[in-house]
Amino acid sequence: MPEQAAYSIAIVCEADADRRTACVLSDRALCENVDWIGSETIDFFRRYHGIFRQDSHLKWTSMKGMARERHVVAHGFSGGRPREPDAAMAEQALKLLATLGSPPDVVILTRDADKLSRRREGFEQARDSQPWPFAIVIGVANTKRECWILAGYEPRDDAERALLERERKDLGFDPRLGAERLTASEEGAKRDAKRVLHALTGGDPEREEACMKDPPLTTLKQRGAATGLMDYLTEIEERLVPLFAPVAKR
C-alpha cells in the first residue's frame, strides 16, 4: 500500500441523511476502483466534513448565513445572461469553501432535485464559472435521495418480497426500476418516495445503507440512470478516484 495522506472532502447537503447517502456511495466507488483501498482501511485515506473539520457537513441553509457574514457574494450571471436559478447558490457555497485558510481537496455538492428539473445544470454552471482550488463532484437526486436507495433494494426474505410485491401492485411499476416516477411532494402520498422506502425498509437506517452497499455498482447505475444516481457515481469515478492515481484500477 503506497503512502497517501487523507484527502479532505467537504460535503454540502440538506441534511445528515443526505450526507450519509453521498458518503456511502462515494466510499463504494473508491473501494471498487482503487486497488489498495478497502472498507477496512478507507478511513485512513479520506475525511468527510463541513466548512469546519469538526463538522460532519455544511447545510445549504447554514451556508447562506455564513456567506453573508463573510461577505461572499455570487450573482449567478454569466456573459450578461442569467444563469440557472441554482447556479448562484452553488457558486456561493464554492466561494465560501475556497476562502478558507486551508480549502478542502474535494467538494461534493448534493441536493434533491424536487420539482427543479434543471438544478444539476445550475450546479454545473457554478462549477464551470471559474477555476477552483479543489475538485468538485455533483450529485443531484431526481426527485429525492430515497430514489437512489430504492435502486439498490433487494428483498432478503419472504416478508420483504411480499412488501415489494404490494408496492409494485399499488404503484403499477417496480419502484426499484422506476423510482424517478415517485414524484409526489405530499407526504404519505402513494407516489411519495419517502413513503415507499419506509414501507420497504421500516425506516431502518442500516437496512437503507445495505441497499447502497450490497448490490453491484453496475446494478445501481442501471437502475438509477434516470434518478441521477448513475451521474453521481460516474462523477466520483471521474473526479475523485483520479486523485488516488496512478494506482487506480484499470
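Please refer to the structure higher up on the page.
S.K.: Residues and numbers for the overall build of the protein chain, please.
M.R.: Of regular secondary structure, the protein chain possesses ten helices and seven strands. Over its C-alpha trace the protein chain gives a radius of gyration of 19 Å, about what one expects of a compact globule, namely 18 Å for 250 residues. Counting only C-alpha atoms and orienting by the principal axes, one finds that the protein chain spans roughly 55 × 45 × 30 Å. The buried share of the protein chain, reckoned over its 250 residues, is 54%. Contacts spanning at least 24 positions in sequence make up 72% of the contacts within the protein chain whose residues lie at least 6 apart. Split by element, the accessible area of the protein chain, about 11,900 Å² in all, is 48% carbon and sulfur.

S.K.: Any chance you could break down the pairing of strand 2 (residues 46-49) for me, citing the residues and the numbers?
M.R.: Pairing between strand 1 (residues 7-13) and strand 2: four bridges, direction parallel. Residue Ala10 lies in a different strand from strand 2, and its bridge partner there is His49. Each parallel crossover has a hand, and for strand 1 linked through helix 1 (residues 16-33) to strand 2 it is right-handed.

S.K.: A description of the pattern of salt bridges should follow, citing residues and the corresponding values.
M.R.: In this structure the tally under the stated criterion is 29 salt bridges. Notably, a salt bridge pairs Asp174 with Arg168, separated by 3.1 Å at the nearest N-O pair. Overall, Asp174 belongs to the buried group, its relative accessible area being 10%. The partly exposed category is assigned to Arg168, whose relative accessible area is 30%.

S.K.: Give a detailed account of the nonpolar core, specifying residues and quantitative values.
M.R.: Of all hydrophobic cores here, the largest spans 48 residues; its most connected members are Leu25, Ile37, Leu182, Tyr232 and Phe244. Residues Leu58, Ala113, Ala126 and Phe134 belong to the second largest nonpolar core, which totals 25 residues.

S.K.: If you had to explain the packing of helix 6 (residues 158-171) against helix 7 (residues 193-201) to someone new, which residues and values would you point to?
M.R.: The interhelical angle for the contact between helix 6 and helix 7, taken along N-to-C directions, is 155°, at an axis separation of 9 Å. Between helix 6 and helix 7, the interaxial angle falls into the category roughly antiparallel. Residues Glu160, Leu163, Leu164, Glu167 and Leu171 of helix 6 form the contact with helix 7, whose own contacting residues are Arg195, Val196, Ala199 and Leu200. For the contact of helix 6 with helix 7, a count of residues per class yields six nonpolar, no polar and three charged.

S.K.: Tell me what's going on with the packing of aromatic side chains, and back it up with residues and numbers.
M.R.: In the structure shown here, the tally under the stated rule is six aromatic pairs. Arranged with centres 4.9 Å apart and planes meeting at 75°, the rings of Tyr7 and Phe244 form a pair that is edge-to-face. In this pair, Tyr7 sits in strand 1 while Phe244 sits in the segment after helix 10 (229-240), placing the two residues 237 residues apart along the sequence. Judged by relative accessible area, Tyr7 falls into the buried class, the value being 16%. Taking the centre distance of 4.9 Å and the plane angle of 80° together, the rings of Trp36 and Phe45 count as edge-to-face. Linked through ring pairs, Tyr7, Trp36, Phe45 and Phe244 together constitute an aromatic cluster.

S.K.: Give a detailed account of the pairing of strand 7 (residues 135-141), specifying residues and quantitative values.
M.R.: The element strand 7 is largely enclosed, with a buried count of seven among its seven residues. Of the two faces of strand 7, both are covered, the one formed by Ala135, Val137, Gly139 and Ala141 as well as the one formed by Ile136, Ile138 and Val140. Pairing of strand 6 (residues 106-112) with strand 7 involves seven bridges; the strand directions are parallel. Bridged to Leu109 within strand 7 is Ile138. The parallel pair strand 6 and strand 7, bridged by helix 4 (residues 119-128), forms a crossover whose chirality is right-handed.

What counts and how
Per chain, residue numbering runs from 1 following the sequence as it is written. Totals for whole chains, interfaces and linings use all residues, but because this is a predicted model, local features are given only for residues with pLDDT of at least 70 and pairs of side-chain atoms are given and counted only at 80 or more. The basis for every side-chain value is the complete set of non-hydrogen atoms in the structure, without hydrogens or water. Counting from the N terminus, the helices are the DSSP runs of H or I reaching at least four residues and the strands are the DSSP runs of E reaching at least two. Two things to know: the radius of gyration comes from C-alpha atoms, and the globule rule equals 2.2 Å times the number of residues to the power 0.38. Buried residues are those whose accessible area, probed at 1.4 Å on protein chains only, stays under 20% of the maximum for their type, while exposed residues exceed 50% and partly exposed ones sit between those limits. For this analysis, residues touch if any pair of their heavy atoms sits within 4.5 Å. Computed with the Shrake-Rupley method and a 1.4 Å probe, the accessible areas treat only the protein chains shown as cover for residues. Strand pairing is defined by DSSP finding a minimum of two bridges between the two strands. By definition, the crossover connecting two strands over a helix is right-handed if that path, from the first strand to the second, turns clockwise as seen with the strands pointing away from the viewer. For this analysis, a salt bridge means a side-chain nitrogen from Lys or Arg found within 4 Å of a carboxyl oxygen belonging to Asp or Glu. Among the buried residues, those of types Ala, Val, Leu, Ile, Met, Phe, Trp, Tyr and Cys that are joined through side-chain atoms within 4.5 Å form a nonpolar core. To get an axis, a line is fitted to the C-alpha atoms, and for a helix only the part in contact is used. The angle between two axes follows their N-to-C directions and goes from 0 to 180 degrees. Orientation is classified from the angle alone, with under 35 degrees giving roughly parallel, over 145 giving roughly antiparallel, 65 to 115 giving roughly perpendicular, and any other angle giving oblique. We call Asp, Glu, Lys and Arg charged. Ala, Val, Leu, Ile, Met, Phe, Trp, Tyr, Cys and Pro are nonpolar, and the rest, Gly among them, are polar. When the centres of two rings from Phe, Tyr and Trp lie within 6.5 Å, Trp using its six-membered ring, the rings pair. Their planes under 30 degrees apart give stacked, over 60 give edge-to-face, and anything left gives tilted.

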